[in-house]
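Now for the letters of each chain:
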Amino acid sequence: MSSPRLTIVVPTFNERGNIAELVRRVDAAFGPAGGWEMVFVDDNSPDATAELVKQLAQSDPRVRCLRRVHRRGLSGACIEGMLSSSAPYVAVMDADLQHDETVLPRMLERLEAGNLDLIVGSRLSSDGSAGGGLSAKREASSRIVAAIVARFFPRGVNDVLSGFFMMRRDAFDRLAPELEQSGFKILADILITAGDSLRTEEIGFDFRPRHAGESKLDSRVVLDFAGLLLNKLSRGLLPVRFVFFATVGASGVIVHLIVLRLALITMGLSFAVAQSLATLIAMTWNFYINNLITYRDSRLRGGAFISGLLLFYVVCGVGAVANVGMANWLFMREPTWWLAGIAGAAVGAIWNYALSSSIVWRKK
């Protein structure tokens, strides 16, 4: 078989019911011209998606499976899939059949003309439509993010949250080391990282309803984008997860103060008891929100949720000791209370983040 001109990367998690139909539709879209291969990057799906892909690959050499274990995340899956390609062009699309595969040959034709580096399948352009495949909340989220990108990072792309695009592989290879592995919006990351170095164009398509299975995305895509934006503005010094973790920690301070006030005024507790109660509730709040948002790709459920909560209490307890120790050490040398307090809080936050990531929400 001759080398493919195009590698189509399809990230999957529990998409077994869509795989065969997607391959059939892509084959029909390209027809006898062929020239494509499809790499399914599966995050160890419980529904045995990877096993089905490997069965198809035995009879169709254009189909490949890249199964990832101990790793989760749509952006990371897309990056690894594209890096596995030797074709001159790479595309990314979802497995749920919401993306219009008939647009792929047109995308490839435009790129092969040599005047473009990236083509985005757009739901928000004049010739595109969200149709019945995008909820009102998710469409609003897409438009909010598009407006932010247009304001701060003008590149002529409306649908920066699209998961459907094609680009030159050499252009991607150049950007890959700077892309963020966590998160769900690889296209936004590519656009922000590339700056004005990519020649881009949009092709509209009608976003279809999901064929089978359940959507993995929700209205929190705006939060994902905010974390990505801060990561890029800090030149990678602030990981996306740490941005979320620190934001949740700040909300925990507010919860702590509210509970402390209520315990002192309403319940009439002593300060020591009220402080202990407020600390416990704030830590519980932080764990719940982090499990819901920050580590949602490693979300703990059932018994793992309870054991994770208890482990989080221990981690935060040690972090509190580090917080007080650093603040006291600094205050002894520079008696500026607010500076010592901020330094201690920063050390505690970094400690809690590092241990929470490696112990509480460790990959299994």
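Anything mentioned here points back to the structure above.
The structure contained in this document is the topic of the report that follows. (Residues numbered from 1 in each chain as written. Predicted model: local features only at pLDDT ≥ 70, side-chain atom pairs only at ≥ 80, totals over all residues. Heavy atoms only, no water.)

1. Side note on the packing of aromatic side chains
For any pair of aromatic rings, geometry is given as the distance between the ring centres together with the angle between the planes.
At step 1: Using the criterion set out here, one finds 10 aromatic pairs in the structure.
At step 2: Note on F287 and W361: the rings are 5.2 Å apart at their centroids and 20 degrees apart in plane angle, and the pair reads as stacked. Here F287, found in helix 10 (residues 271-294), pairs with W361, found in the segment after helix 12 (337-360); they are 74 residues apart in sequence, far enough to count as distant.
At step 3: W361 sits in the buried class, given a relative accessible area of 2%. (Phe/Tyr/Trp six-rings, centres within 6.5 Å; stacked < 30°, edge-to-face > 60°. Helix = DSSP H or I, 4+ residues; strand = E, 2+ residues; numbered from the N terminus. Buried < 20%, exposed > 50% of the residue type's maximum accessible area, 1.4 Å probe, protein only.)

2. What to know about the environment of P239
At step 1: Relative to the elements of secondary structure, P239 occurs in the loop between helix 8 (221-233) and helix 9 (240-265).
At step 2: Under the relative-accessibility criterion, P239 is labelled partly exposed at 30%.
At step 3: In sequence terms P239 and Q181 are 58 residues apart; their C-alpha atoms lie 9.8 Å from each other.

3. Concerning the packing of helix 9 against helix 10
At step 1: Contact geometry of helix 9 with helix 10 gives a least axis separation of 8 Å together with a crossing angle of 150 degrees. The pairing of helix 9 with helix 10 is recorded here as roughly antiparallel in orientation. The element helix 9 and its partner helix 10 pack so that their crossing is right-handed.
At step 2: Residue composition of the contact of helix 9 with helix 10, grouped by class: 16 nonpolar, nine polar and one charged. (Axes fitted to C-alpha atoms, helices over the stretch in contact; angles between N-to-C directions. Parallel < 35°, antiparallel > 145°, perpendicular 65-115°, else oblique. Left-handed = near helix turned anticlockwise from the far one by under 90°. Nonpolar A, V, L, I, M, F, W, Y, C, P; charged D, E, K, R; others polar.)

4. Some thoughts on the side chain of D42
At step 1: One can find D42 in strand 2 (residues 36-42).
At step 2: Buried within the structure, D42 lacks any salt-bridge partner; its nearest side chain of opposite charge belongs to R67, at an N-O separation of 5.6 Å.
At step 3: One polar contact links D42 to S45, side chain to side chain, over a distance of 2.5 Å.
At step 4: For D42, the residues in contact, after removing those within four places along its chain, are T12, F13, T49, A50, L66, R67 and R68. (Lys, Arg positive; Asp, Glu negative; His and termini not counted. Salt bridge = Lys/Arg side-chain N within 4 Å of Asp/Glu carboxyl O. Polar contact = N/O pair within 3.5 Å; in protein donor to acceptor, adjacent residues only side chain to side chain. Contact = heavy atoms within 4.5 Å.)

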